[in-house]
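Residue-level listing of the chains:
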Amino acid sequence: MPAMLILGIESSCDETGLALYDAQAGRLLAHALHSQIVLHRDYGGVVPELASRDHIRRTVPLLRQVLSDAGRSLGEVDAVAYTQGPGLAGALLVGAAFAEGLAAALGRPVIPVHHLEGHLLSPLLSSRPPAFPFIALLVSGGHSQLMFVAGVGQYRLLGETLDDAAGEAFDKTAQLLGLPYPGGPALSALAERGRPDVCRFPRPMLHSGNLDFSFSGLKTAALTHIREIGEPGEQQRADIARAFQDAIVEVLVEKSLRAVEQSGLGRLVVAGGVGANRELRRRLDERTGKAGVSVFYPEFEFCTDNGAMIALAGALRCAADISRKPAGAFAVRPRWPLDDC
Ligand code: KG4
Ligand code: ZN
């Protein structure tokens, strides 16, 4: 019998997320998140050891919270899904050890989940879910990929970044502009006050003839520009943020549309932290509208890391009868290509 109540646990980076998903009803019952942004802010990025220790502190209280919010007891959990990778090894080990231990104690199966599969399937939690197959643009802090998604567990890589991920480029450029970590949301807020085309950055690999990306040059373009100015004032910083965001968004939008066109599919899914970027969504809506392509996004709260997407991926893998295993020996996979899961 397929598992009904799935507990999802996310701990791959700097967010501890837990969620309960009712697979029979196809409904998220509860989810809870603790973000470590404040913990890492002084360091300008994630400190792995601090992240692991904080995941340990947060997991049990968050589990209690989701059980209470859903009005369920621990004994009712039918399977435990957790992020097995990719991510920070120590942070992943916290979620994996917790999930395996809990499942062993309950005598329930575990479902190891690929973090990017969680992101990729997260739009299925929205009120307007996409149907398979679709093209997915996955843009997070660690990855930028275009995937052909035939169904649950059926992913083919079409193109990816050759250097920095889109989120990483946002974060590094934001740091150059003196913005706090994580830089993506801060840079995009600053860009709103920037004037269009006051400075213009290159569109890397826009005409490369393939679906790969390269974003590290954008950060260098921003650095060069800042050095030329010396000490940029408030308006100049906003103009730089705007130029950076316009460049990265144009490349992401054009390459996504090219992937959709080449596939002959009329559906595009956008997922991962950068998918929360409002300018990216605005430009995508505009371009897909003209091209007659349907575009699907996760709810804003499920763009960045969360437990709900892991519970959902676990439920869908369970229903498809893939990768469910008895609790027991386990290993995390800090590096793990999505087309190998
Ligand atoms: O998916 P995610 O939460 O974590 C990873 O799996 O990496 O993505 C985090 C990334 C960070 O680089 C963050 O700066 C970026 O997503 N991000 C954004 C926005 N919100 C988060 N980038 C641009 N605009 C945003 N609004
Ligand atoms: Zn993520």
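Residues numbered from 1 in each chain as written. Chains lettered and ligands numbered in written order. Predicted model: local features only at pLDDT ≥ 70, side-chain atom pairs only at ≥ 80, totals over all residues. Heavy atoms only, no water.

Observations concerning the domain arrangement of the protein
Structurally, the protein comprises domain 1 (5-122 + 302-340) and domain 2 (131-297). Each of domain 1 and domain 2 was reduced to a C-alpha centroid, and the two centroids are 27 Å apart. Taken residue by residue, the interface counts 21 residues in domain 1 and 24 residues in domain 2. Both sides of the domain 1 and domain 2 interface together cover about 1800 Å² of buried area, and 71% of this is carbon and sulfur. When the area that domain 1 buries against domain 2 is broken down by residue, the three leading residues are Leu116, Leu120 and Cys303, summing to 34%. Between domain 1 and domain 2 we count four residue pairs in polar contact (both at pLDDT 80 or more) in total. Broken down by element, the side of domain 1 that touches domain 2 gets its largest block of residues, five residues, from helix H4 (residues 115-121). (Domains from an automatic or database assignment. Contact = heavy atoms within 4.5 Å. Buried area = accessible area lost by both parts, 1.4 Å probe. Polar contact = N/O pair within 3.5 Å; in protein donor to acceptor, adjacent residues only side chain to side chain. Helix = DSSP H or I, 4+ residues; strand = E, 2+ residues; numbered from the N terminus.)

Some remarks on the coordination of the zinc ion (ligand 2)
Within the protein, His115 (NE2), His119 (NE2) and Asp305 (OD) serve as the donor atoms for the zinc ion (ligand 2), at 2.0 to 2.1 Å. All donors of the zinc ion (ligand 2) belong to a single chain; written as a sequence motif, their spacing is H-x3-H-x185-D. One end of the pair, His115, is in helix H4; the other, Asp305, is in the loop between strand S10 (294-296) and helix H10 (308-319), with 190 residues separating them in the sequence. By relative accessible area, which is 7% here, His115 ends up buried. (Donors = N, O, S within 2.8 Å, 3.2 Å for Na, K, Ca; no water. Buried < 20%, exposed > 50% of the residue type's maximum accessible area, 1.4 Å probe, protein only.)

Structural notes on the sheet that holds strand S3 (residues 27-35)
In space, the six strands of this open sheet follow the order S3-S2-S1-S4-S5-S11, with mixed pairing throughout. Two strands in the sheet have a free side with no partner beyond their single neighbour: S3 and strand S11 (325-326). Bridge count for strand S1 (residues 5-10) against strand S2 (residues 15-22) is six bridges, and the pairing is antiparallel. In the sheet register, Leu5 faces S2, and the bridge partner there is Asp22. Of the strands in this sheet, S1, S2 and S3 are in contact with helix H2 (residues 48-70), which crosses S2 at around 25 degrees. (Pairing = 2+ DSSP bridges. Axes fitted to C-alpha atoms, helices over the stretch in contact; angles between N-to-C directions.)

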